[in-house]
Amino acid sequence: MSVDVAVVPVAGLGTRLLPLTRSVPKELLPLGSKPVLQHVIDELESAGIRHIVLVTGAGESSIRQHFGIDSNLERQLLAKGKADQLTQLQSLADGIQIDYVRQSRQLGLGHAIWCARDIIGDRPFTIALGDAMFGLNNSTLCQRLQRVFINTSADAVIAFHEVPKDRVSRYGVAKVGATNIDGEGSFEVADLIEKPATADAPSQYAIAARYVCHSQIFNLLGNTKEGVGGEIQLTDALRTLILAGGKVVGVPLQQNEKRFDVGNFDSYFSAFVEVACADPIHGNALKQQLQAILDKD
Ligand code: G1P
């Protein structure tokens, strides 16, 4: 068995980033020289994913434009002798089939995933949230999740990062069962709570934007009632799976897999600066400029 298809929800309204996201979907905000969504697609591609379902909302046309072919632009780059840029452009999602599904109503992450059910069918699939990337050097997180999914015969595998206690209420949080079940640090997820109050959080392990699931999750999502925020939560469907005896495995992030996300201005600004500073061409100049700004203060 292999996992070669992924669902990437990109339908959020980005309300925490207004006015920036008034006409630009948050998944197209740049982290360094690429939109965050391009980093996510690159990560999936290097994990062997060949078919991606983007679940879109109001920002669908600009996302389609980013991954679509623009013959006019290609002709112009060719005419101006900009072969490097042309190659770069043509290699965006090259060899990957991208399908688009519209989430017509904003009913939550669980509902967004459920919208992809007809295209995914009965295949196991990866879920990658389109507003977060991991590490600065081609993360292997999705690859590891897929490996653990197969090696542990799990029904679902979820990435987790440890967060400070005062931040647990922003995430889905795990109750940790048996630890190190595969000799690689993976743990059994005994329960899950979406956005718990600090006092109710069963641990500081927060769901980190990447999952691998069997297609059975679609049935569970179809029967999941509105949860936190009045939305249909993926976490609640995974909880039902656990309570019904399903095997759900947690994979912690590695030291070098810092999470960069564009969820709010604080995380977006710092993510942009850190990713841009690591840019092989422009990074050093930026670092010097930042240093000069800091020295003036
Ligand atoms: C979603 C999930 C949550 C997870 C978070 C980050 O929340 O519902 O469980 O921890 O993504 O991956 P959101 O950020 O959409 O509110």
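Residues numbered from 1 in each chain as written. Predicted model: local features only at pLDDT ≥ 70, side-chain atom pairs only at ≥ 80, totals over all residues. Heavy atoms only, no water.

K.L.:
I tried to follow helix H9 (residues 234–243) on my own but got confused; where do I start?
P.N.:
Residues that lie three or four places apart on an α-helix share one face, since the helix turns once every 3.6 residues. When we look at burial in H9, the residues that qualify are Leu234, Thr235, Ala237, Leu238, Leu241 and Ile242. Down the axis of H9, the buried set is contained in an arc of 160°. They therefore lie on one face. Just beyond H9, the residue with positive phi is Gly245, at close to 95°. (Buried < 20%, exposed > 50% of the residue type's maximum accessible area, 1.4 Å probe, protein only. Helix = DSSP H or I, 4+ residues; strand = E, 2+ residues; numbered from the N terminus. Arc of directions from axis to C-beta.)

K.L.:
Even after reading the chapter, I still don't get the site of the ligand, so can you show me in this structure?
P.N.:
Residues in contact with the ligand, as listed here, are Leu109, Leu129, Tyr171, Gly172, Glu194, Lys195, Ile207, Ala208, Ala209, Gln233, Thr235 and Arg259. Between the ligand and Gly172, the relevant distance is 3.0 Å, taken from an oxygen atom to a main-chain nitrogen or oxygen of the residue. Between the ligand and the protein, one listed contact pairs an oxygen atom with a backbone N or O atom of Ala209 at 2.9 Å. Contact with the protein chains removes 80% of the 390 Å² of surface that the ligand exposes when unbound. Ranked by residues supplied to the shell around the ligand, first place goes to strand E11 (residues 205–213) with three residues. Its residues placed into classes, the shell around the ligand shows six nonpolar, three polar and three charged. (Near = heavy atom within 4 Å. Polar contact = N/O pair within 3.5 Å; in protein donor to acceptor, adjacent residues only side chain to side chain. Areas by Shrake-Rupley, 256 points an atom, 1.4 Å probe, with all protein chains shown as cover. Nonpolar A, V, L, I, M, F, W, Y, C, P; charged D, E, K, R; others polar.)

K.L.:
Is there a simple way to explain the environment of Lys80 in this structure?
P.N.:
As for its placement among the helices and strands, Lys80 is situated in the loop between helix H3 (71–79) and helix H4 (83–90). The exposure class of Lys80 is exposed, given its relative accessible area of 57%. Residues Lys80 and Phe149 lie 69 residues apart in sequence; the distance between their C-alpha atoms is 48 Å.

K.L.:
Please explain the packing of helix H1 (residues 36–46) against helix H2 (residues 60–67) as it appears in this structure.
P.N.:
If you want to describe how two helices pack, look at the angle between their axes and the distance between the axes. One can describe the packing of H1 onto H2 by two numbers: an axis separation of 11 Å at closest approach and a directional angle of 55°. With respect to each other, H1 and H2 are oriented oblique. Relative to H2, H1 is oriented so that their crossing is right-handed. Facing Leu37, Gln38 and Ile41 of H1, the residues of H2 in contact are Ile63, His66 and Phe67. Counted by class, the contact of H1 with H2 contains four nonpolar, two polar and no charged residues. (Axes fitted to C-alpha atoms, helices over the stretch in contact; angles between N-to-C directions. Parallel < 35°, antiparallel > 145°, perpendicular 65-115°, else oblique. Left-handed = near helix turned anticlockwise from the far one by under 90°. Contact = heavy atoms within 4.5 Å.)

K.L.:
Explanation requested: the packing of aromatic side chains in the structure shown.
P.N.:
Two descriptors summarise a pair of aromatic rings, namely the distance from one centre to the other and the angle between the planes of the rings. For the structure on display, the rule yields five aromatic pairs. Consider the rings of Phe125 and Phe218, whose centres lie 5.0 Å apart with planes at 5°: the pair is stacked. Linking Phe125 in strand E6 (residues 125–128) with Phe218 in helix H8 (residues 216–222), this pair joins segments that are 93 residues apart in sequence. By way of ring pairs, the aromatic residues Phe160, Phe187 and Tyr205 are connected into one cluster. If you follow Arg64 out to its NZ or CZ, it ends over the ring of Tyr100, 4.1 Å from the centre. (Phe/Tyr/Trp six-rings, centres within 6.5 Å; stacked < 30°, edge-to-face > 60°. Lys NZ or Arg CZ within 6 Å of the ring centre and 35° of its normal.)

K.L.:
Just to check I follow, could you spell out the pattern of salt bridges for this structure?
P.N.:
For side chains of opposite charge, pairing can occur when their charged atoms come near one another. Under the counting rule described, the total for this entry stands at eleven salt bridges. Lys34 is the salt-bridge partner of Asp42, the closest N and O atoms lying 2.6 Å from each other. Relative accessible area serves as the criterion here: at 27%, Lys34 is assigned to the partly exposed category. Residue Arg64 pairs with Glu60 through a salt bridge whose shortest N-O separation is 2.7 Å. Of the two residues, Arg64 and Glu60 are both situated in helix H2; the distance of four residues between them amounts to about one turn of the helix. (Salt bridge = Lys/Arg side-chain N within 4 Å of Asp/Glu carboxyl O.)

K.L.:
Before we go on, may I ask you to explain the nonpolar core in this structure?
P.N.:
What tends to happen in soluble globular proteins is that the nonpolar side chains get buried as a cluster. Core analysis: the largest hydrophobic core is formed by 48 residues, its most contacted members being Phe125, Leu192, Tyr211 and Leu238. Top contributing element to this core by residue count: E11, with six residues. The contacts of Leu192, once residues within four sequence positions are left out, are Ile158, Phe160, Val173, Ala174, Ile207, Thr235, Leu238, Arg239 and Ile242. Of all hydrophobic cores here, the second largest spans 19 residues; its members include Ala6, Leu37, Val40 and Ile49. (Core = buried A, V, L, I, M, F, W, Y, C linked by side-chain atoms within 4.5 Å.)

K.L.:
Could you clarify how one ought to interpret unusual backbone geometry in this entry?
P.N.:
Only a minority of non-glycine residues have a phi that is not negative, and only a minority of peptide bonds are not trans. Of note, the bond from Leu18 into Pro19 is cis; its omega dihedral lies within 30 degrees of zero at 5°. Mapped onto the elements, Pro19 comes out in the loop between strand E1 (5–10) and strand E2 (30–31). Of note in this structure, Lys195 is not a glycine but carries a positive phi near 45°. Inspection of the secondary structure assignment puts Lys195 in the loop between strand E10 (187–194) and E11. Not every positive phi belongs to a glycine, and Ala209 is a case in point at roughly 65°. Classification of Ala209 by relative accessible area gives buried; the value is 2%.

K.L.:
How do you make sense of the pairing of strand E8 (residues 156–162) when you look at a structure like this?
P.N.:
E8 sits mainly inside the fold: six of its seven residues count as buried. Relative to E11, E8 runs antiparallel, the two sharing six bridges. Along E11, the bridge assignment pairs Val157 with Val212. The pairing of E8 with strand E12 (residues 248–252) spans five bridges and is parallel. The residue bridging Ala156 from the neighbouring strand is Val248, located in E12. (Pairing = 2+ DSSP bridges.)

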